[in-house]
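As a plain string of letters, each chain reads:
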Amino acid sequence: MMNLSIRFARHLPTLAILTAIMALGGCQKPSEPSTDNGMQNSTQTAEPQTTKSEQTTTSAEQQQAPLTILALGDSLTEGLGVDKDGNYPAQLEDRLQAMGYDNAKVVNSGLSGETSTGLVNRLDWVLQTKPDVTILTIGANDAIRGIDVATVEANIRTAVKRLQDNGSIVILGGMQIYDNLGSDYVKSFAAIYPRVAKDMNVTLIPFFLDGVGGDPALNQADAIHPTKEGYTIIVNDNIVPILAPKLEALKIADADNATENAQDDTTKNTIN
């Protein structure tokens, strides 16, 4: 019995130490999650926080405003006789997106048989598209009917003014006609477009069908309406060189507005 007591006594210091270590370990374990959470909270707190103004600036830089282009006119715009992907509005949209204008949408508002009077009468409807830019090509059907040149010009002026008053940049497609109505009418008709463009500060496509009109290889059997290949030339050679600078100006204006809005937000946040 004494030997057992002596042996137990010899191991007392060791048991005491082990007991103390286990006690310390038992006290420390519950604190470990608290320590981890503290580190995580500390890390989260240390991460830079994006301010509202910075978010606004980033959003403005990443998101382009929608860009609506209204193709307004008659059958030359509608694309009579070609597939829906072959008319000029469809090809123009594809071309613009290939140029990097991913936000561009071209609305085909061409109507076969449309006269300048008919176009004016449906302006309220087409203006619901809220176009940033309008390509206006009208007058050919008026000329076929021999409608008085003064009436055609008055209608075109009305259309241009209504479009401009609604905030749309107007590009006017010039038209020319055959000599079957007499040289005086032909000359008077052709003179409408540059005169309106000058008086109303409108960019002019001198002849919408330039390079295509009169070429049998680029026109359908009626010798009036372009083929898909003809429309490709019209888009690439006649429209895009005139439209592109307008779109670049709009892009710069949108960027400036986004910067101004971001600065205004920063000022408001600073004051608050």
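Everything numeric in this text was worked out from a predicted model, so none of it was measured.

Draft legend 1. The arrangement of the sheet that holds strand 3 (residues 133-137) in detail. In space, the 5 strands of this open sheet follow the order 2-1-3-4-5, with parallel pairing throughout. Each edge of the open sheet carries a strand with a single partner, namely strand 2 (104-110) and strand 5 (203-205). Taking each pair of neighbouring strands and ignoring which way they run, the sheet shows an average axis angle of 20°. Where strand 4 (residues 169-173) meets strand 5, 3 bridges bridge the pair, whose relative direction is parallel. Across the sheet, residue Gly173 finds its bridge partner in strand 5, namely Ile205. Sheet contacts for helix 6 (residues 88-98): strand 1 (67-73), strand 2 and strand 3; angle to strand 2, the most-contacted strand, approximately 170°.

Draft legend 2. Unusual backbone geometry, seen in detail. In this structure, Lys130 is a non-glycine residue whose phi angle is positive, near 50°. Tracing the chain through its elements places Lys130 in the loop between helix 8 (123-126) and strand 3. Residue classification places Lys130 among the exposed positions, given a relative accessible area of 66%. Notably, Asn201 is not glycine yet its phi reads approximately 55°, a positive angle. Inspection of the secondary structure puts Asn201 in the loop between helix 11 (183-199) and strand 5.

Draft legend 3. View of the nonpolar core. Formed by 57 residues in total, the largest nonpolar core has its most connected members in Leu92, Leu136, Ile156 and Phe189. If one sorts the elements of this core by residue count, helix 12 (residues 228-271) sits on top with 8 residues. Leave out the neighbours within four places in its chain, and Phe189 touches Gly139, Ala140, Ala143, Val149, Val152, Met175, Gln176 and Ile177.

Draft legend 4. Quick peek at helix 11. With 17 residues, helix 11 should cover 24 Å at 1.5 Å per step; its first-to-last C-alpha distance of 24 Å lies within 8% of that length. A bend of about 25° at Ile192 is the largest found in helix 11, and the proline Pro194 appears one to four places after it. Considered for burial, the residues of helix 11 that qualify are Tyr185, Val186, Phe189, Ile192, Tyr193, Val196 and Ala197. Buried residues belonging to helix 11 abut helix 9 (140-145), helix 10 (149-165), strand 4 and strand 5. In the segment just after helix 11, Asn201 is the residue with positive phi, at about 55°.

Draft legend 5. Examining the environment of Glu153 more closely. By the secondary structure assignment, Glu153 is in helix 10. In this structure, the C-alpha to C-alpha distance between Glu153 and Val196, residues 43 residues apart in sequence, is 7.7 Å. Not counting residues within four places of it along the chain, the set of residues in contact with Glu153 comprises Ile192, Arg195 and Val196. Side chain to side chain, Glu153 and Arg195 meet in a polar contact 2.7 Å long.

Draft legend 6. Quick look at the packing of aromatic side chains. Going through the model one piece at a time under the given rule, you end up with 3 aromatic pairs. Relative to Phe208, the ring of Tyr88 lies with its centre 5.4 Å away and its plane at 65°, an arrangement referred to as edge-to-face. Of this pair, Tyr88 sits in helix 6 while Phe208 sits in the loop between strand 5 and helix 12, and the two are 120 residues apart along the sequence. Judged by its relative accessible area of 0%, Tyr88 is buried. With relative accessibility at 0%, the residue Phe208 sits in the buried group. Each residue in the set Tyr185, Phe189 and Tyr193 is aromatic and connected to the rest through ring pairs, giving one cluster.

Conventions used here
Residues numbered from 1 in each chain as written. Predicted model: local features only at pLDDT ≥ 70, side-chain atom pairs only at ≥ 80, totals over all residues. Heavy atoms only, no water. Pairing = 2+ DSSP bridges. Helix = DSSP H or I, 4+ residues; strand = E, 2+ residues; numbered from the N terminus. Axes fitted to C-alpha atoms, helices over the stretch in contact; angles between N-to-C directions. Contact = heavy atoms within 4.5 Å. Buried < 20%, exposed > 50% of the residue type's maximum accessible area, 1.4 Å probe, protein only. Core = buried A, V, L, I, M, F, W, Y, C linked by side-chain atoms within 4.5 Å. Expected span 1.5 Å × (residues − 1). Bend = angle between axes of the 7 residues up to and from the residue. Polar contact = N/O pair within 3.5 Å; in protein donor to acceptor, adjacent residues only side chain to side chain. Phe/Tyr/Trp six-rings, centres within 6.5 Å; stacked < 30°, edge-to-face > 60°.

Fair warning: the whole summary comes from geometry, so function is off the table for now.
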